[in-house]
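Here is what each chain is made of, one letter per residue.
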Amino acid sequence: MNFRAKLSAAWQRHDSLLCVGLDPDLKRFPAHLKGRPDAVLAFCKGIVDATADLACAFKPQIAYFAAARAEDQLQDLIAYIHEKHPSVPVVLDAKRGDIGATAQQYAREAFERYNADALTVNPYMGFDSVEPYLAFSDRGLIVLCRTSNPGGSDLQNLTVEGGRKLYQHVAELVAGKWNVHGQNALVVGATFPQELADVRAIVGDLPLLVPGIGAQGGDVEATVKAGRSAAGTGLMISSSRAILYAGSGEDFADAARQVALATRDEVNLYRA
Ligand SMILES: O=c1ccn([C@@H]2O[C@H](COP(=O)(O)O)[C@@H](O)[C@H]2O)c(=O)[nH]1
């Protein structure tokens, strides 16, 4: 099953547009896990098992694993998700972007080494820098469009030809000419609901990965109303820290589940 089909099945099966972000920060781990050589994997498995039935996707952020010298644990985690929770697609958040020859290696890293269902990439270097990923036509390519951080406006809001904003141009390209095999999606932050609505109007029912609720303060109602597709789906609304660190004791996974459940249900209030 390709990424788009797997995501659609997860939206239905789990009645959820919630993407659970996996940003394991050793400094914030519960005391009983600190010092364990497999702490990153143990923590993430706890979160994954507690939230899988509430999620339409998991999104590990590679920087947290690499900084902790835990790439092998990331590989084991993704294999674990595929084995225990095969209905939930894995989006590797690495925001890759480089010349074609190097992009080929990044594509192999994401889709062969880590076996991710989808990867985030940066479009700044143009089509030849994203083309190598398209060869993995059963995997998703999620392209940065209007990011959730305040500085995203510095470049993404610049006016380009035709009087459009750069992020609108990216949305058109990624949903159109660049969507050679129908595997593309976009990143649009929850912190900019008006831009999210603009992007949705440009791209039809293309899937959107939407970080920025939870710790970054994005408004859930505004996000869902601006970003939902005509079918009331189309979104992977991502939350990491607010779920991961809801608790700080041995019951961290239960605390994470409670926040994930409340977030999934709040999102669902506004889908219709
Ligand atoms: O525009 C973007 C693109 C990616 N991110 C990533 O999403 C999570 C957000 O974490 P929270 O704890 O829910 O704030 C993190 O991995 C970012 O690298 C983003 O925030 N904005």
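Model, not experiment: these values are computed from the prediction.

The rules we used
- Residues numbered from 1 in each chain as written.
- Predicted model: local features only at pLDDT ≥ 70, side-chain atom pairs only at ≥ 80, totals over all residues.
- Heavy atoms only, no water.
- Patch = residues over 30% accessible without salt bridge, like charges linked within 9 Å, V, L, I, M, F, W, Y side chains within 5 Å.
- Areas by Shrake-Rupley, 256 points an atom, 1.4 Å probe, with all protein chains shown as cover.
- Salt bridge = Lys/Arg side-chain N within 4 Å of Asp/Glu carboxyl O.
- Helix = DSSP H or I, 4+ residues; strand = E, 2+ residues; numbered from the N terminus.
- UniProt positions renumbered as here; feature names shortened; annotations may be inferred.
- Contact = heavy atoms within 4.5 Å.
- Polar contact = N/O pair within 3.5 Å; in protein donor to acceptor, adjacent residues only side chain to side chain.
- Near = heavy atom within 4 Å.
- Expected span 1.5 Å × (residues − 1).
- Buried < 20%, exposed > 50% of the residue type's maximum accessible area, 1.4 Å probe, protein only.
- Core = buried A, V, L, I, M, F, W, Y, C linked by side-chain atoms within 4.5 Å.
- Pairing = 2+ DSSP bridges.
- Axes fitted to C-alpha atoms, helices over the stretch in contact; angles between N-to-C directions.

**As for a nonpolar patch on the surface**
Argument step 1. Together, I99, Y124, M125, L155 and L158 make up a nonpolar patch on the protein surface, roughly 530 Å² of accessible area in all.
Argument step 2. Within the secondary structure, M125 is located in the loop between β4 (118-121) and α6 (127-134).

**Focus on the UniProt feature "active site" (unreviewed entry) in the protein**
Argument step 1. Per the UniProt record, the feature "active site" (unreviewed entry) sits at K95.
Argument step 2. With residues near it in sequence (within four places) discarded, K95 still touches Q61, T120, V121, N122 and L144.
Argument step 3. Here D93 takes part through its side chain, which lies 2.9 Å from a polar atom of the side chain of K95.

**Topic: the site of the ligand**
Argument step 1. Near the ligand there are 13 residues, and of these D23, S148, Q216, S240 and R241 occur at the shortest range.
Argument step 2. A distance of 3.1 Å separates an oxygen atom of the ligand from a polar atom in the side chain of K59.
Argument step 3. Between the ligand and Q216, the relevant distance is 2.8 Å, taken from an oxygen atom to a side-chain nitrogen or oxygen of the residue.
Argument step 4. Burial of the ligand by the surrounding chains reaches 88%, relative to a free accessible area of 470 Å².

**Topic: helix α2 (residues 39-51)**
Argument step 1. Its 13 residues place the ends of α2 18 Å apart at the C-alpha level, agreeing with the 18 Å of an ideal helix rising 1.5 Å per residue.
Argument step 2. Along α2, eleven of the 13 residues are buried, which leaves the element largely enclosed by surrounding structure.
Argument step 3. Buried residues of α2: A39, V40, L41, A42, F43, C44, G46, I47, V48, A50 and T51, and no others.
Argument step 4. Structurally, α2 contributes buried residues whose contacts are with β1 (18-22), β2 (57-60), α3 (62-67), α4 (71-84), α11 (241-244) and α12 (252-269).

**Regarding unusual backbone geometry**
Argument step 1. Its identity is not glycine, yet K95 carries a phi of approximately 50°, on the positive side.
Argument step 2. Turning to its location among the elements, K95 is positioned in strand β3 (residues 91-96).
Argument step 3. Phi angles above zero are rare outside glycine, and N115 is one such case at about 55°.
Argument step 4. Its location among the elements puts N115 in the loop between α5 (100-113) and β4.

**Looking at the nonpolar core**
Argument step 1. L186 and M236 are the most contacted members of the largest nonpolar core, which has 91 residues in total.
Argument step 2. When residues of this core are assigned to their parent elements, the largest contribution, nine residues, is made by α2.
Argument step 3. In this view, M236 contacts F3, L7, L17, C19, C56, A57, V91, I142, P207, L208, L209 and V210; residues no more than four positions away in its chain are not counted.

**With respect to the environment of A70**
Argument step 1. Structurally, the position occupied by A70 is in the loop between α3 and α4.
Argument step 2. Taking the C-alpha atoms as reference points, A70 and A55, 15 residues apart in sequence, are found 24 Å from one another.

**Some remarks on the environment of A215**
Argument step 1. Summarising the element assignment, A215 is placed in the loop between β7 (208-211) and α10 (220-227).
Argument step 2. With relative accessibility at 48%, the residue A215 sits in the partly exposed group.
Argument step 3. Taking the C-alpha atoms as reference points, A215 and A242, 27 residues apart in sequence, are found 5.6 Å from one another.
Argument step 4. Excluding residues within four positions of it along the chain, A215 makes contact with R241 and A242.

**Re the sheet that holds β4**
Argument step 1. Taken in spatial order, the eight strands line up as β2-β1-β8-β7-β6-β5-β4-β3 in an open sheet, and their pairing is parallel. Each edge of the sheet is formed by a strand with only one pairing partner; in this case those strands are β2 and β3. Adjacent strand axes in the sheet meet at a mean angle of 30°, parallel and antiparallel pairs treated alike.
Argument step 2. Here β7 pairs with strand β8 (residues 235-239) via four bridges, running parallel. The partner of L209 across the bridge, within β8, is M236.
Argument step 3. Of the strands in this sheet, β5 (140-146), β6 (184-188), β7 and β8 touch helix α9 (residues 193-203), which is tilted by about 175° from β7.

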